[in-house]
Each structure stands twice: as C-alpha cells, then as structure tokens.
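Notes for the structure review
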Amino acid sequence: MPEKPYDHQAIELKWLERWKDATFYKAEEDPSKPKFYVLEMLPYPSGTLHIGHIRNYSIGDALARYKWMRGFNVLHPMGWDAFGLPAENAAIANKRPPREWTLQNIAAMKKTHRRFGFSYDWDREVSTCEPQYYRWNQWFFLKMLERGLAYRKKALVNWCPKCATVLANEQVVDGCCSRHDETPVDQRALEQWFLKITAYADQLLTDMQQLEGGWPERVLTMQRNWIGRSEGAEIDFMLAETGEHIRVFTTRVDTIFGATCVILAPEHPLNETLLDAAGKARAKAMVDARAGRDPGDIEKEGFFSGHYALNPYSNERVPIWIGNFVLMGYGTGAIMAVPAHDERDFEFCRKYGIPIRPVISPVDGPLAVEPGMKEAFTEDGILENSGPWSGLPGDEARRRMSAYAREHGFGDAAITYRIKDWGISRQRYWGTPIPVIHCAQCGVVPVPENQLPVILPDQVEITGTGRSPLENVPEFVNVACPRCGGTARRETDTMDTFIDSSWYFYRYCDPRNDRMPFDPAKIAYWFEIDQYIGGVEHAILHLIYSRFFTKMMRDIGLVKNSEPARRLFTQGMVIAEGAKMSKSKGNVVGADMLAEKYGTDTARMFVLFAAPPEKEVDWRWEGANGIHYFLGRVYRFATRNAGRTDMPAEGASDRKVLRKLHQTVRKITEDFETRWHFNTCIASIMELVNILYAEEENIGSATMAEVLEKLALLLAPFAPYISQDIWDELGDEGPVFRHCWPSFDPELAKEDLAEIVVQVNGKLRSRIQVPFGTPEEELKAGALADEKIQAATGGKKVVKLIVVPDKLVNIVVK
RNA sequence: GCGGAUGUGGCGGAAUCGGCAGACGCAGCGGACUUAAAAUCCGCUGGCCCGCAAGGGCCGUAUGGGUUCAAGUCCCAUCAUCCGCACCA
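Residues numbered from 1 in each chain as written. Chains lettered and ligands numbered in written order. Predicted model: local features only at pLDDT ≥ 70, side-chain atom pairs only at ≥ 80, totals over all residues. Heavy atoms only, no water.

**Observations concerning the domain arrangement of chain A**
Parsing chain A into structural domains produces domain 1 (34–126 + 501–576), domain 2 (137–196 + 421–495), domain 3 (230–416), domain 4 (587–749) and domain 5 (753–813). The centre of domain 1, based on its C-alpha atoms, is set 25 Å off from the matching centre of domain 2. Counting from both sides, the interface comprises 24 residues of domain 1 and, opposite them, 25 residues of domain 2. Together, the buried faces of domain 1 and domain 2 total about 2200 Å²; carbon and sulfur atoms form 75% of this surface. Applying the counting criterion to the domain 1 and domain 2 interface returns 1 salt bridge. A salt bridge links R428 to E88; the nearest nitrogen and oxygen atoms lie 3.1 Å apart. Inspection of the region where domain 1 meets domain 2 yields 7 residue pairs in polar contact (both at pLDDT 80 or more). If you list the elements that add at least two residues to the side of domain 1 that touches domain 2, you get α3 (85–94), α4 (98–116) and α16 (541–555). By residue number, the principal contributor to the side of domain 1 that touches domain 2 is α16, which donates 7 residues. Residue classes in the side of domain 1 that touches domain 2 are distributed as 18 nonpolar, 3 polar and 3 charged. (Domains from an automatic or database assignment. Contact = heavy atoms within 4.5 Å. Buried area = accessible area lost by both parts, 1.4 Å probe. Salt bridge = Lys/Arg side-chain N within 4 Å of Asp/Glu carboxyl O. Polar contact = N/O pair within 3.5 Å; in protein donor to acceptor, adjacent residues only side chain to side chain. Helix = DSSP H or I, 4+ residues; strand = E, 2+ residues; numbered from the N terminus. Nonpolar A, V, L, I, M, F, W, Y, C, P; charged D, E, K, R; others polar.)

**Here we look at unusual backbone geometry**
Residues apart from glycine generally show negative phi values, whereas peptide bonds are mostly found in trans. Across the junction of L452 and P453, the peptide omega takes the value -5°, indicating a cis bond. Among the secondary structure elements, P453 is positioned in the loop between β22 (443–446) and α13 (474–477). A cis amide bond, omega 0°, links F527 with the succeeding residue E528. Topologically, E528 is positioned in the loop between α15 (520–526) and β26 (531–535). For K95, which is not glycine, the phi dihedral falls at a positive 55°. Here K95 shows up in the loop between α3 and α4. A residue is classified by how much of its surface remains accessible, and K95, at 75% relative accessible area, is exposed. (Buried < 20%, exposed > 50% of the residue type's maximum accessible area, 1.4 Å probe, protein only.)

**What about the protein's contact with RNA strand B?**
Near RNA strand B lie 49 residues; those nearest to it are T251, K300, Y330, R344 and R767. Counting only the atoms of RNA strand B that lie within 4 Å of the protein, the sugar and phosphate share comes to 61%. Here a phosphate oxygen of RNA strand B sits 3.2 Å away from a polar atom, N or O, in the side chain of N690. Here a base nitrogen of RNA strand B sits 3.4 Å away from a polar atom, N or O, in the side chain of Q759. Secondary structure elements with two or more residues in the surface near RNA strand B: α8 (217–227), β11 (245–250), α19 (621–641), α21 (678–695), β31 (753–760), β32 (763–771), β33 (798–804) and β34 (808–813). Broken down by element, the surface near RNA strand B gets its largest block of residues, 7 residues, from α21. (Near = heavy atom within 4 Å.)

**Topic: the packing of α19 against helix α22 (residues 701–715)**
At a minimum axis separation of 11 Å, α19 and α22 run at an interaxial angle of 145°. The crossing of α19 and α22 is left-handed. In this structure, α19 contributes V634, F637, A638 and N641 to the contact, and α22 contributes M704, L708, L711 and L715. Across the contact of α19 with α22, the residue classes break down as 7 nonpolar, 1 polar and no charged. (Axes fitted to C-alpha atoms, helices over the stretch in contact; angles between N-to-C directions. Left-handed = near helix turned anticlockwise from the far one by under 90°.)

**Some details on the pairing of β34**
With 4 bridges connecting them, β31 and β34 associate as parallel partners. Directly across from V760, in β34, lies its bridge partner I811. Note that β33 and β34 share 6 bridges and pair antiparallel. Each residue of the ladder has a partner; that of V803, found in β34, is V809. Here β33 folds back onto β34, and the loop between the two strands holds 3 residues, one of which, D806, carries a positive phi near 65°. (Pairing = 2+ DSSP bridges.)

**Remarks on the side chain of E40**
Note on placement: E40 falls in strand β1 (residues 35–40). The buried charged residue E40 lacks any salt bridge, with R604 as its nearest oppositely charged partner at 8.9 Å. Among the polar contacts made by the side chain of E40, one reaches the side chain of Y120 at a distance of 2.5 Å. Those residues in contact with E40 that lie beyond four places of it in its chain are N56, Y57, G60, D61, H76, M78, Y120, Y504, Y532 and I533. (Lys, Arg positive; Asp, Glu negative; His and termini not counted.)

**As for helix α1 (residues 8–18)**
What α1 keeps buried is the set H8, I11, E12 and W15. Taken around the axis of α1, the buried residues stretch over an arc of 90°, which confines them to a single face. (Arc of directions from axis to C-beta.)

**With respect to the sheet that holds β33**
Taken in spatial order, the 4 strands of this open sheet run β32-β31-β34-β33, and their pairing is mixed. The sheet is open, and its two borders are formed by β32 and β33, each paired with just one other strand. Along the sheet, successive strands turn relative to each other by an average axial angle of 20°, direction set aside. The sheet strands contacting helix α25 (residues 776–785) are β31, β32, β33 and β34, and the helix crosses β33 at an angle near 125°.

**Some details on the state of the cysteines**
Counted under the stated rule, the structure contains 0 disulfides. There is no disulfide at C481, and the cysteine sulfur nearest it, in C439, is 3.6 Å away. A relative accessible area of 3% means that C481 is categorised as buried. (Disulfide = S-S within 2.5 Å.)

**So, the pattern of salt bridges**
Under the defined criterion, the tally for this structure stands at 58 salt bridges. The partner of K4 in a salt bridge is E729, with the nearest N and O atoms 2.5 Å apart. With a gap of 725 residues between them, K4 in the segment before α1 and E729 in helix α23 (residues 720–729) connect regions that are remote in the sequence. Judged by relative accessible area, which is 16%, E729 ranks as buried. Here R124 ties to E29 by a salt bridge, and the two come within 3.7 Å at their closest N and O atoms. Of this pair, R124 sits in the loop between α4 and β4 (126–127) while E29 sits in the loop between α1 and β1; the two residues are 95 residues apart in sequence, bridging distant segments of the chain. The class of E29 is partly exposed, set by a relative accessible area of 31%. Salt bridges sharing partners connect three or more residues here, namely K35, E528, D530 and R566.

**With respect to the packing of aromatic side chains**
Evaluation of the coordinates by the stated rule reveals 66 aromatic pairs. Among the aromatic side chains, those forming a connected cluster through ring pairs are Y133, W136, W139, F140, Y200, W422, F498, W503, Y545, F548 and F549. Positioned above the aromatic ring of F737 is the side chain of R65, whose terminal nitrogen or guanidinium carbon lies 4.6 Å from the ring centre. Residue placement shows R135 over the ring face of W136; its charged tip is 4.5 Å from the ring centre. (Phe/Tyr/Trp six-rings, centres within 6.5 Å; stacked < 30°, edge-to-face > 60°. Lys NZ or Arg CZ within 6 Å of the ring centre and 35° of its normal.)

As structure tokens, this is what we get:
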C-alpha cells in the first residue's frame, strides 16, 4: 500500500465523527466479569481544560483502556465540581447568573474532553450544581443532623474579607486565605453549622492501615499530622479564691511537680472574670497582633493575671498568666507551664523570671540544676521531687498519675486531636442550601425529607457584601414552619463545596436515582474505587472529607466499605517553561491549543513521555515536536507496509524484530501492572520503531503483519486515534481498544547469547559472548583467556574471581 | 525549627534486586535528496588526553568520607532545591 502522510487533523476528525454515538465506554454491572473502577478527580468548570488536566486524564485513560483490553469490566466516569466561588465572582464582573456561566463552561470543557476522546461513560456524568445531585447533599445533612453529626454553634471562624465568607481551617494557609495569598484572615464570631468529623478522628487514623501500600506514604503522613492525635491527661487546677476550675491538657503529667505557672490563651473564657479592663485590653491586643502572622515570627509574650491556682497533686499555689503562644483552638486553651521540661515554657519563663524547677532526671545522669540550665530537658526520665511519685519512670508515672486524677475527680487520661469539626456554613449564593428552617416558636427545624430538594432560586442579585445573597429573596426566605405552621425563616447559608466532592464517586454508580443517593447493590458491585488519580494538593482536604463521608455512609447502612479508594495515585504538576502556570503570567497551556497544533494523540503522549507520572513535568513545545514526528514515523511505516506480500523469506532480521517486539510487550505490560513509568514505555516503542526502520526491507511478510498489528495495540492506551486509524488500515475490525492486549512469548523475548561484562579490579575491560547458562568455571576460563584481559592483567597475580552467571566476571589482581 | 522528597550531559530523563552510567527524546552538528528551503532518510553528539587513523587511556551521577571484588544505587556528614507541617502543650 502507498505510504500516507500523518494528517492528525483528518484522522482525529474522522474517528471523532464515527464514534459520535458509539457506546463502547458504557459501563454496566456484570457479576461474571472482574470489575475495575478507575477515577480521575472531577474538575472545577473554570471554562478551559489545560495541560495539567490533560495529564491527569491521560494517565487515567491509559489505565482504563489497558484494563479493558485485559478483559475487565471498567467504570470510568467524569463530572463537574460545579458549585463554588468563581461563578459568583464572574457574575459580579460580567452581570451573568452563576448558573448560566457554569453551564456554558461545562459545555465548552466537555467539548474539549470529547475532542481528546477520553474513554468516559458520559451517561453517568454528574454535575454537582443540579438539584438532582445536591438534594442528596441535603439528605446526607439531615441524616447527620439526626445522628448528632451535624450541629450548630456560635464560633470564632476564619473570615476572608476578599471572599467575604467563612473559610474552613483547611482553607487557611499561613494565616491567609488559600485563594488570596496576601489577604490575612480575620476571626469572627458567627452561628455556624459543623460536621462532627472529630467523632471519626480515631477511625480515620486507624483505617489508614488499609491504605498502606495503596496510597502514597506522603499523603498518609500528611493526613496523620493533620489529625494530630496526642495522648495525655486533662487536669483541673483550682482557682485559689473562687474554687473555679482551670482545665489544662498535657502529654507530660509526669512533670506536673515542675509546673511553676498556669498559662491561659488570650481568648480563654475565664479571662472575662479574671481580668480587669486593662488586662482584657491587653489580651485583645494579643489576639489582634497574632492574626495573619507567621507563628514562628511572633515572640512569646504574656502578663500576670493577678490570680493564683492550686496544683492538685502538690497543693502548690502557682501564678496564672496570660500567654500569646497558648492556642484557644487546641486542647483546653490552657496549659501548665513546666519550664524545666518544655522548650516553649522554658523560653517564656526565662523571659519573665518565673522559676524553673527540674523534676525529671535522665535515666543515666543526674537531675539538672537551676540556675544554670541552658535548655529544657524534654526527654523521658525518672521522676524526682515529685512527692509519692518520685523514682518512677515517666511512662509508668503518667499512667498512674492519670488514674489518680480520675479517682480523685480532678482529671483523667485524655486524647486530643488537632483536627477540628468541619465548619460548613458559607455566606454565599452558589452552593447547596442548608435544609433547615428557623422558627421563633420551635427553634431550628429540619426540612422534612419529602420536601427535598430545597431549590436554590435562580433570580438572585449577587452582591459580594458578606451576607448571603439569599437573604434578599423573600420567596426563598419566608416559609411556614414545618412543625407549628407559623411564620419562619429559611436558613440562608449554603454548604461548603467540599461536601459535593466528598461522595460524587458513589453517585456515578447510580447517577439518575431519584429515590436514594444511590442503590447500595450497585455500590457493592463497583466499590471500592480500584484506582483514584489526582493532584497531591488534595492530600488533606478532599481526601480526608471523602474518607469521613464514606464512614458516615457505612454507619447509616448505605455502603459496606470503610474506605472509598483502595489505591491513590498523585500525579506531579505541569509547569510551563520553568514557571508555574497561571492566568496572570499568561503561560497557561490550553488543551484546545494543543489539539490544534499537534493533535490530541501527541499532546497526551508528550505529557506521558516527558517524565514519570508522579514527577513534575516542564512543558516544552520543542519536546512535543518530537512526539509528533515519532507518530508520523509510525504512521508512514504502517501505511506503506500494511498488507505487503512482496517481503523476503524469513531470516535473521525477523528474529531480531520479533525479539524486540516481544521485549516491548513484556516491558509495557509489566509497567502497567506495577509502576506506570509510561515515559520508558513510550521510549521502548520508539526503540522498536527505530529497529523497524533499520530492518524494513529485510522482514518477512508474516513478521511484518504481526509487528504492525501489535504496534497498533501497544499504542492504543496512549494514542487512541492514530492506533485506531492504523488498525483500520491493517484491515482489522472494530475498536482497537476492545481487542485483547497482546501477549508476549518469554522465549522469543530472550537474547540468543549472553553478553558477559569482564572487569579487572571493578573496571570494564572487555565483553565476551556466551550461551545462557554457561557454568561459572567456563566463564572464568573464557574471561582469563580474553586478549584484552590478558593485556590488562599483565601477568599480575589473580587474587579473586567474582562471577555473576549470565552477567559479569570481575577479576581481582594485585 | 521539625518531617519528607529530590540532586545524573546544553535540556527532559533512563539505569526496576549493589554488577556495562547517560536508554529514549529535545536542542546542536554533519551527510543524502532538492535549483533552494521545508519535509523526509542516514550518521555524530558527557568532559579531558594520546593517535594521521583504526583504536586506546583517564575523569565523571551535588560535595566530603565510609562499606564492598564492585556504589548513581547502601551507610554517615555537609550543601542546594522543592514540598508539607510549623508555638499542637
């Protein structure tokens, strides 16, 4: 057949058109087949797909296609994380309703998605801003309300003045809004809804054992730190005058005889009664000074409150201080300061001349003496000067002293977590309405289930003033109380959008169900997710909320699994010409731009070729040229050799080509099953093609037919259009990615002769060819007889011979 | 400050279990084809040195040490870059 030029535009358009109504990516439950659920994180519909998205989807698509070819029943869905702030900002800027803006963006992005030909089952598409979806957010909220997992409290919350809304702790980075780098976050007291993720803190931690090996260690470590479990004790110090209690949390109750003061956070509620007006002002100033600052830069400061507390173990009277380094949000907001055995306390007490009293001696040394201590001794040791506890080792003392506190009613062993309950109220329009009603008579009343969904009204003026725009929609706000029928007001806050993405992957399994969030039987078939793929930036937020939701759903009987995803892969970022891509730098590499210039096959393959998928990729246009050129080489070779019968008889070239072919199949198969280094997979296909060019006229017809067919199959997971077109040119039927993945013959993949590296004192000096399995003695003899080796050893004494069969001989001479 | 990862040609990267460093590609150089260019095809391409040449030698995986017959790979220290956490009691 005559050679054809590689016209990527024509090829991609042709198959795009032919596949328009194809159904081969449709997934259906089929218990007779092994299932495989591969999932990429759903995008926010910003309007355009960029190369970072393409990388994420190209990895997932290659895996999905490979698994199909291996006979799995694959579920590979896609959807839209469609609620969120940018839609409102766009509405303010362009005077267009968020819904319209969002739907238009989805349409544009979906078009690009289709153009790239990713293998999604679009019948399962989910868009989180649709009432059919968010009604189940509301339904889950009501379920959690019933179980006490959702509750309301007045709380100091993080407030971003630019977003004009509340942020979750996870959305605050270095005291600033994660969306506005330079904007310090304020603290405001508001009535907020919270989800009790802390009730699952322990399970979130212990269930990580199931994820070990399947999730990146890095992500597990980040989650562990985020949950921040710490074991210790809570102890009440009694206020000397009034008898009120100050509860402190400590991990080192064994050091309590060294406590020389108690320190309260500046926001501590007791300050209201403890401090005079001047003191309150100082405390307030401390809180303000801390806002938005890097904690490492703030010097420890404090002042004496004028009051004293009693140490319940020793009955000692210690001063109560207010300290800026004590956090209200952790533990009890109050600490006992043991300067001799804690670095921070040491720094603070030195500064203010508070006594330092060592009570723990090192296991193998004497007790420190004060004055003269240069730093705190923070390790475990033996208790001294600690009344009846003296002489005990630290761990035993902690156990017995906690028990003592419990028996005497002034404390107990306690576990504290760094993770806090999840504040989900947002004073925003474009999100899921929280389904409750505020009634003057009945208080907070949940919207009855049969009245869901609470529909987000369409005609709303977006103001960005910090009050929910829904407050200005009387037909939304004014309702009858479901309990007493009296006039009542609807809740106008909406939910954090992380709710949406916490369970969307369940909805994919049953996306049109209007009686339940999904049918549990379908979940039982598809779950857990076999492979989840996304950016590492979601290591704590999205991935911890999703794990929490799964456990909650399990506890209300909807699912059986305790974890959503068995395996997680976090791909590296794509940067452009050495810099992080961003709109402001104008260096965003858009997906459509790529499709036009090189075609989608080239774009996909280049991001996979440029680096292993877990590493960062630097996008360089010249690199993409190389892949495009390579695909052209493949295409021209295949079209001019398809169906050829004028080839010479089979000979040495066939052996060579087939060996390389089977080696390539083996390499790529192994990589798909283990480490996904698609860059070297593609490199090995290039090597194969280089050999084909070198041997083109010497290959027999049968070999040529086999190699072309398998080449198309090997390319299918990475470059579906060109591989399909070659498949078609070869006269093969149907979609190439529904054909069986090629097998390899280990015998054919084997080299004829082993090449033995011969070293003298560890340096390469010669190579010899021998049959595989040549005995050690023969290898030694062969190596010593080699001309170059004789020259190199030059009659020196052979001290030792190291032999690695089929690989290497090292001759050690003196 | 604490924790983790990474460091290999001009560039992206390869070397999967301690056994040939630099696969594959980009960029560059040369040749063929062409009136010419593009496209395409073929070749060269870590550094230094010896040689007209064929060929050969030495150095080389951030730096300094160590283990080993053998180290990019293992151990210790240092430096650099990136990421996460950062007063968590």
